[in-house]
Amino acid sequence: QVQLVESGGGLVQAGGSLRLSCAASGRTFSKFPMGWFRQAPGKERDFVATISSRGGRTYYADSVKGRFTISRDNAKNTVYLQMNSLKPEDTAVYYCAAALMYPELSPRNYQNWGQGTQVTVSS
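Notes on the structure in this doc start here. (Residues numbered from 1 in each chain as written. Predicted model: local features only at pLDDT ≥ 70, side-chain atom pairs only at ≥ 80, totals over all residues. Heavy atoms only, no water.)

**Describing the pairing of strand 11 (residues 117-122)**
One face of the sheet, then the other: side chains in a regular strand alternate in exactly this way. The side-chain alternation of strand 11 yields one buried face, formed by T117, V119 and V121, and one unburied face, formed by Q118, T120 and S122. Summarising the sheet, strand 2 (residues 10-13) and strand 11 pair through 4 bridges and their orientation is parallel. Across the sheet, G10 pairs through a bridge with V119, a residue of strand 11. In terms of strand pairing, strand 9 (residues 92-99) meets strand 11 through 3 bridges, oriented antiparallel. Considered in strand 11, the bridge of Y94 is made with T117. (Buried < 20%, exposed > 50% of the residue type's maximum accessible area, 1.4 Å probe, protein only. Helix = DSSP H or I, 4+ residues; strand = E, 2+ residues; numbered from the N terminus. Pairing = 2+ DSSP bridges.)

So, in structure tokens, the structure goes:
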């Protein structure tokens, strides 16, 4: 089992940057592909990015491609989401989770969700 805790969210102006972190407990973190999702009020949880277990492969939603970068440090049991050129439409609660396989875009095939971290982008 992997337990996940997100951090790094906050309030930022449009065009700004934030880096989210997702810290994992347990010794099996490096075995799992990881993903980031986001959920705005009244909307479904949407896929943002995923990374393979060793970090060599990544995949992004079209809406964030070229602006966001997912990475991981298996020695630190942490996955990151660097978010640049933020837009008001990026406002949401961001969640990390462990995938059952790579690449996986559906939240139904993720497990061990964190509690989320709020990102608010002002215009």
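Don't stop here, the text continues.
**Let's talk about the environment of S63**
Residue placement: S63 occurs in the loop between strand 6 (58-60) and strand 7 (68-73). Under the relative-accessibility criterion, S63 is labelled partly exposed at 42%. Along the chain, S63 and L105 lie 42 residues apart, while their C-alpha atoms are 14 Å from each other.

**Remarks on the pattern of salt bridges**
Summed over all chains, the structure comprises 3 salt bridges. Across the pair K65 and D62 runs a salt bridge, and its minimum N-O distance is 3.1 Å. On the accessibility criterion, D62 (66% relative accessible area) is exposed. As a salt-bridge pair, R67 and D90 come within 2.8 Å of each other at their nearest N and O atoms. With R67 in the loop between strand 6 and strand 7 and D90 in the loop between strand 8 (78-83) and strand 9, this residue pair connects regions lying 23 residues apart in the sequence. Summarising the burial analysis for this pair, R67 and D90 share the class buried. (Salt bridge = Lys/Arg side-chain N within 4 Å of Asp/Glu carboxyl O.)

**Re the state of the cysteines**
Evaluated as defined, the whole model comprises 1 disulfide. Paired by a disulfide, C22 and C96 hold their sulfur atoms 1.9 Å apart. With the S-S bond torsion at 60 degrees, the cross-link from C22 to C96 turns out right-handed. In this pair, C22 is assigned in strand 3 (residues 18-25) and C96 in strand 9, connecting sequence segments 74 residues apart. C96 carries the same exposure label as C22, and that label is buried. (Disulfide = S-S within 2.5 Å.)

**Quick word on the nonpolar core**
Counting residues in hydrophobic clusters, the biggest one holds 33 residues, and the most contacted among them are W36, L81, M83 and Y94. Of all elements in the fold, only strand 3, strand 4 (34-39), strand 5 (45-51), strand 7, strand 8, strand 9 and strand 11 reach the threshold of two or more residues within this core. Looking at which element gives the most residues to this core, the answer is strand 9, with 6 residues. Aside from chain neighbours lying at most four places away, what touches L81 is L18, R19, L20, W36, V48, A49, F68, T69, I70 and Y94. (Core = buried A, V, L, I, M, F, W, Y, C linked by side-chain atoms within 4.5 Å. Contact = heavy atoms within 4.5 Å.)

Nothing here speaks to function; it is all geometry.
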